[in-house]
Amino acid sequence: MNIKQTRERSKGIQVFAITPFMESAGKTMVDEEGIKRNIDSWVEAKIPVVVVCGGVGELGYLDEKEHIQVVRAAAEQSSGRIVVIAGVTGDTKSCVDTSRRVEEAGADGVLLFPNERVERNSNSLMKFYSTISESVEIGIMPFRIDKTVDLDTVRNLAELPNILALKEESENMDEFEHLVKEVGDRIIIAGAGSDQLAPCFLLMGAGALTSSLANHLPNQLIQMWDAAQQKDFSKVMQIQNSLRPIELLRQKFGHRLHKAAMDMIGLSGGITRAPGIELNKSDIIKLQKHLNQLGIKTVGE
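Please read these numbers as outputs of a predicted model, since none were measured by experiment.

(A) Looking closely at the nonpolar core. Counting residues in hydrophobic clusters, the biggest one holds 105 residues, and the most contacted among them are W42, I47, V50, V52, V102, L217 and L287. With residues up to four places along the chain from it excluded, the contact list for L217 reads L243, I246, L291, L294 and I296.

(B) Spotlight on the packing of aromatic side chains. Within the structure shown, the criterion is met by 3 aromatic pairs. Judged by centre distance (4.8 Å) and plane angle (50°), the ring pair of F176 and F201 falls under tilted. Taken as a pair, F176 in helix α7 (residues 173–183) and F201 in helix α8 (residues 198–203) lie far apart in primary sequence, 25 residues in all. What makes F176 buried here is its relative accessible area of 0%. For F201, a relative accessible area of 2% translates into the label buried.

(C) Examining helix α10 (residues 233–253) more closely. Under the 1.5 Å per step criterion, the end-to-end length of α10 is 29 Å for 21 residues, consistent within 8% with the ideal 30 Å. Along α10, the sharpest kink reaches roughly 45°, centred on R244 and followed within four residues by the proline P245. Where α10 is concerned, the buried positions are V236, I239, Q240, L243, I246, E247, L249, R250 and F253. Directly beyond the C-terminal end of α10, a positive phi value near 55° is found at G254.

(D) Layout of the sheet that holds strand β6 (residues 109–114). Sheet architecture is open: 9 strands sit in the order β7-β6-β5-β4-β1-β11-β10-β9-β8, paired in parallel fashion. Only two strands of the sheet have a single partner each, and these edge strands are β7 (139–141) and β8 (143–144). The sheet strands contacting helix α4 (residues 92–104) are β5 (83–90) and β6, and the helix crosses β5 at an angle near 155°. Packed on one face of the sheet, helix α5 (residues 122–135) meets β5, β6, β7 and β8 and runs near 150° to β6.

Cut-offs applied
- Residues numbered from 1 in each chain as written.
- Predicted model: local features only at pLDDT ≥ 70, side-chain atom pairs only at ≥ 80, totals over all residues.
- Heavy atoms only, no water.
- Core = buried A, V, L, I, M, F, W, Y, C linked by side-chain atoms within 4.5 Å.
- Buried < 20%, exposed > 50% of the residue type's maximum accessible area, 1.4 Å probe, protein only.
- Contact = heavy atoms within 4.5 Å.
- Phe/Tyr/Trp six-rings, centres within 6.5 Å; stacked < 30°, edge-to-face > 60°.
- Helix = DSSP H or I, 4+ residues; strand = E, 2+ residues; numbered from the N terminus.
- Expected span 1.5 Å × (residues − 1).
- Bend = angle between axes of the 7 residues up to and from the residue.
- Pairing = 2+ DSSP bridges.
- Axes fitted to C-alpha atoms, helices over the stretch in contact; angles between N-to-C directions.

This is the structure:
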């Protein structure tokens, strides 16, 4: 794999994909055809990266077989048209084993979530990421949510030969800007967390934006990214403000909001395994109204 090429292709909007489930014989099953349909929609919208089996993809509610099933379906359908990164969690050994299976399934990279067995200090985390880096040829994407992964650790991560990006979710704007200036020329610093912070990340030079709203609003997120590259931050804020009502619903309903929207626009959302608040009829009407106001056609119109 050409890591440098994959890293370059990984810039821009990274959709953190839902995992569509369906009911079959009284059981909740992974909807492979739904995954493929969703992948095609993101390719058509020119989304450069899809991250499957992350938090939005209900990683914690997939068994080992289903995890690889999702990765393989996404990789096969992408056929090189979109970079496919898969979430992997566990201790060092389990992440090495799973990362190898993900590589065999055809993914371009892994997003790594160390569990509680991996000590939260720079030395332990660096060993964790280095060990996995050495075990696969595909790219790796570490996850940073607090100061445990400090700037020195990020500098060391940037030296790993198959590093793709850093998912920066601390939501500390001072630290984000510092990371971009220090290592942004060697590693993609991806702004992550709430979609409402997207303009801040873009203003500070993010190399990528992770987005769950891009599941069903890919064109709007691409337009926002393009406007930022042209330094048109007035347009960035215009787009951001237009998405705000849906983002507020997302904050309340999480995965269920995305899945309802996907079903509403003729894609595949399906059943949600993770616990959460269900949308009622009034919420569904609001969501449909907001989508229509964005010029998005919904099923049954």
